[in-house]
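Chain by chain, the residues:
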Amino acid sequence: MKKAFLILEDGTVFEGQAIGADKEVVSEIVFNTTMAGYTEVFTDPSYAGQAVCMTYPLIGNYGVCLDDMESERIWLDGIIVRELSEVASNFRCDMTLEEFLVRYDIPGVQGIDTRKLTRILREKGTMNGVITTNENYNLDELIKKMKAYTTKGVVEKVSCKEKYEVKGARDLSDNGPVSGSAVFNEDNYKADLAGDHSKREKKPSLVRTLNGIKADGTHLKVALLDVGAKYNIANSLAARGCDVTVYPYNTSAEEILAGNPDGIMLSNGPGDPKDCESVIKEVKKLYDSDVPIFAICLGHQLMALATGTDTHKLKYGHRGGNHPVKELATGKVYISSQNHGYVVDTDKLDPKVAVPAYVNVNDGTNEGLRYTGKNIYTVQFHPEASAGPQDTGTLFDSFIHMMTDGMFS
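The protein goes by Carbamoyl phosphate synthase small chain in an unreviewed UniProt entry, where it is assigned to Butyrivibrio fibrisolvens. On record in UniProt, under Sequence similarities (unreviewed entry), the comment for the protein is "Belongs to the CarA family." Comment text from UniProt for the protein, heading Subunit (unreviewed entry), reads "Composed of two chains; the small (or glutamine) chain promotes the hydrolysis of glutamine to ammonia, which is used by the large (or ammonia) chain to synthesize carbamoyl phosphate. Tetramer of heterodimers (alpha,beta)4."

Listed below in structure tokens is the structure:
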């Protein structure tokens, strides 16, 4: 295999083998500790402007099922793995991970010591790096490029370009089987291979109640502001019966409110929240309305900034599917899916505006806010959690309860 190099801005050089597209990229290097769900990770828009090191040693063993994508493409700049599986063993598989990377022109490197790389990032903090196949690289020139690199304009890059709708389920059968795993059907599998994708097994659903449908049979309307939204945010609401309208990041608050939504959702997304100055102004207008609001990840940070609270960058961020968060009202601890490099400063939080709702068990950072005197609730983690865990998925039900009864519970 062709040689590839991962070079960090501190001068550390890792030598491995090239995977995916043959191109050189400069990016912010981060690590993710999840053991499965790499398709969802690689298509999460929150990774725009970053190259991801997967700490689990073998990646790609079940291939890629395109139904599991969380956006229209891979948004990250590159991937770093200990070993890329050459064999894909899964009846839902559409292609190998190598083929997936080539399709979306994403370079990567395998065969390096990912444990050592992770230790460096934990000890020194997240830093920029370069992936290259050029064996005659000039280290000094590359370090200059790395130090000059910033992740600007990423929200604009990943947001939808025009609004669209995701219709809510009309019947529970619309959501697929209520199960913990897909079921193999040989006839449907052969039909799918032959091109009849209507026979493909639907992804299992954990939704058991269409609480997004009102007593009069109409569906709750949710406006989702897309600042880098994963598909499963809208899908989680739609599976419960809500009709979701997804708006581009630069949509005015007036346009969103003119649609008379029952609730507003602020999505996850990439980059430094303070770079989203124009969005923050519109979020403040949404805050001033009486419409219930639920926000995730970047949306949580934008609401905090819009109401006078500050944010700061973590040393190496929280990225993975195994992060414990404590709900302060009950003392319960949930395992959550996370992907963020910035957090809200609770020491600068005015209790007249908001109070902490969740805290990270590992480092004590804020994981959620309940806004005082408002039907607004925001969390730093990902309750849509595709590909898991599903511990906090009931927060979508709480949001629906807030829309119907005025209480988040």
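> Go over the domain arrangement of the protein, please, and point to the residues and values.
Entries for the protein in the domain assignment read domain 1 (3-151) and domain 2 (158-169 + 207-405). The C-alpha-based centres of domain 1 and domain 2 are spaced at 28 Å. Three residues, P45, S46 and E70, lead the burial of domain 1 against domain 2; their summed loss comes to 28% of the area buried on that side. Across the contact surface, domain 1 and domain 2 share one salt bridge. Between K313 and E28 there is a salt bridge whose closest N-O contact spans 2.7 Å. Here domain 1 is connected to domain 2 by 14 residue pairs in polar contact (both at pLDDT 80 or more). Classifying every residue of the side of domain 1 that touches domain 2 by side-chain character gives eight nonpolar, 10 polar and eight charged.

> Summarise the layout of surface pockets; cite the residues concerned and give the values.
To find leftover empty space, a probe the size of one water molecule is rolled over the atoms. Considering only enclosed or pocket space, the largest pocket measures out at about 1,200 Å³ in volume. Secondary-structure elements contributing two or more residues to the lining of the largest pocket are α7 (231-238) and α11 (395-405). Residues lining the lining of the largest pocket come from more than one domain, with at least three contributed by each of domain 1 (3-151) and domain 2 (158-169 + 207-405). If you go around the second largest pocket, you meet 28 residues; those closest to its centre are E28, T151, D272, K313 and Y342. For the lining of the second largest pocket, the secondary-structure elements that each account for two or more residues are β9 (127-132), α10 (298-306), β15 (311-327) and β16 (333-344). A total of five residues in the lining of the second largest pocket trace back to one element, the largest contributor, which is β15.

> Account for the UniProt feature "binding site: L-glutamine" (unreviewed entry) in the protein, with residues named and values stated.
In the numbering used here, UniProt assigns the "binding site: L-glutamine" (unreviewed entry) feature to S46, G269, G271, L298, Q301, N339, G341 and Y342. Taken together, the annotated residues stretch across 297 residues yet fold into one region, lying no more than 13.3 Å apart by C-alpha. Considering only the residues just annotated, the second largest pocket is lined by S46, G269, G271, L298, Q301, N339, G341 and Y342. Judged by relative accessible area, which is 1%, L298 ranks as buried. Leaving out residues up to four positions away in the same chain, L298 has contacts with V155, V227, S267, N268, G269, P270 and P273.

> Explain the pairing of strand β3 (residues 25-32) to me, and be specific about the residues and the numbers.
Most of β3 is tucked away: seven of the eight residues are buried. Where β3 lies against β9, five bridges are found, and the strand directions are antiparallel. When the bridges of β9 are listed, E28 appears paired with N128. With five bridges connecting them, β3 and strand β4 (residues 50-54) associate as parallel partners. Directly across from V30, in β4, lies its bridge partner V52.

> Describe in detail the sheet that holds strand β8 (residues 107-110), supporting the description with residues and values.
Read once around its circumference, the closed barrel built from seven strands follows the order β1-β2-β8-β6-β4-β3-β9, with strand pairing classed as mixed. Between one strand axis and the next, the sheet turns by 35 degrees as a mean value, whatever way the strands run. With four bridges connecting them, strand β1 (residues 3-8) and β9 associate as antiparallel partners. Its bridge partner lying in β9, L8 is registered against G129. Running at roughly 90 degrees to β3, helix α3 (residues 114-124) makes contact with β1, β2 (13-20), β3, β4, β6 (78-81) and β9 of the sheet.

> An account of the sheet that holds β16 is requested, with residue identities and associated values reported.
Taken in spatial order, the 10 strands line up as β10-β12-β11-β13-β14-β19-β18-β17-β15-β16 in an open sheet, and their pairing is mixed. With partners counted over all chains shown, the strands left at the sheet margins are β10 (164-166) and β16, one partner each. Each strand of the sheet is rotated relative to its neighbour by a mean of 25 degrees, with strand direction disregarded. Note that β15 and β16 share 10 bridges and pair antiparallel. Bridged to G320 within β16 is Q338. Along the sheet, α11 makes contact with β11 (221-225), β13 (263-266), β14 (293-296), β17 (354-360) and β19 (376-379), crossing β14 at roughly 160 degrees.

> Explain the environment of G364 to me, using residue names and the numbers behind them.
One can find G364 in the loop between β17 and β18 (366-371). According to the relative accessible area criterion, G364 is partly exposed, its value standing at 49%. Sequence separation between G364 and V325 is 39 residues; the distance between their C-alpha atoms is 9.1 Å.

> Break down the side chain of H318 for me, with residues and values.
Mapped onto the fold, H318 is located in strand β15. By relative accessible area, which is 6% here, H318 ends up buried. For H318, the side chain forms a polar contact with the side chain of Q338, separated by 3.4 Å. Contacts of H318, omitting those with residues within four sequence positions, involve H323, Q338, N339, H340, N360, D363, T365 and E367.

What counts, and where the lines are drawn
- Residues numbered from 1 in each chain as written.
- Predicted model: local features only at pLDDT ≥ 70, side-chain atom pairs only at ≥ 80, totals over all residues.
- Heavy atoms only, no water.
- UniProt positions renumbered as here; feature names shortened; annotations may be inferred.
- Domains from an automatic or database assignment.
- Buried area = accessible area lost by both parts, 1.4 Å probe.
- Salt bridge = Lys/Arg side-chain N within 4 Å of Asp/Glu carboxyl O.
- Polar contact = N/O pair within 3.5 Å; in protein donor to acceptor, adjacent residues only side chain to side chain.
- Nonpolar A, V, L, I, M, F, W, Y, C, P; charged D, E, K, R; others polar.
- 1 Å grid on protein atoms, 1.4 Å probe; cavity = no way out; pocket = protein on both sides within 12 Å on 5 of 7 lines; lining within 4 Å.
- Points joined across faces, edges and corners; volume = space filled by probe spheres on them.
- Helix = DSSP H or I, 4+ residues; strand = E, 2+ residues; numbered from the N terminus.
- Buried < 20%, exposed > 50% of the residue type's maximum accessible area, 1.4 Å probe, protein only.
- Contact = heavy atoms within 4.5 Å.
- Pairing = 2+ DSSP bridges.
- Axes fitted to C-alpha atoms, helices over the stretch in contact; angles between N-to-C directions.

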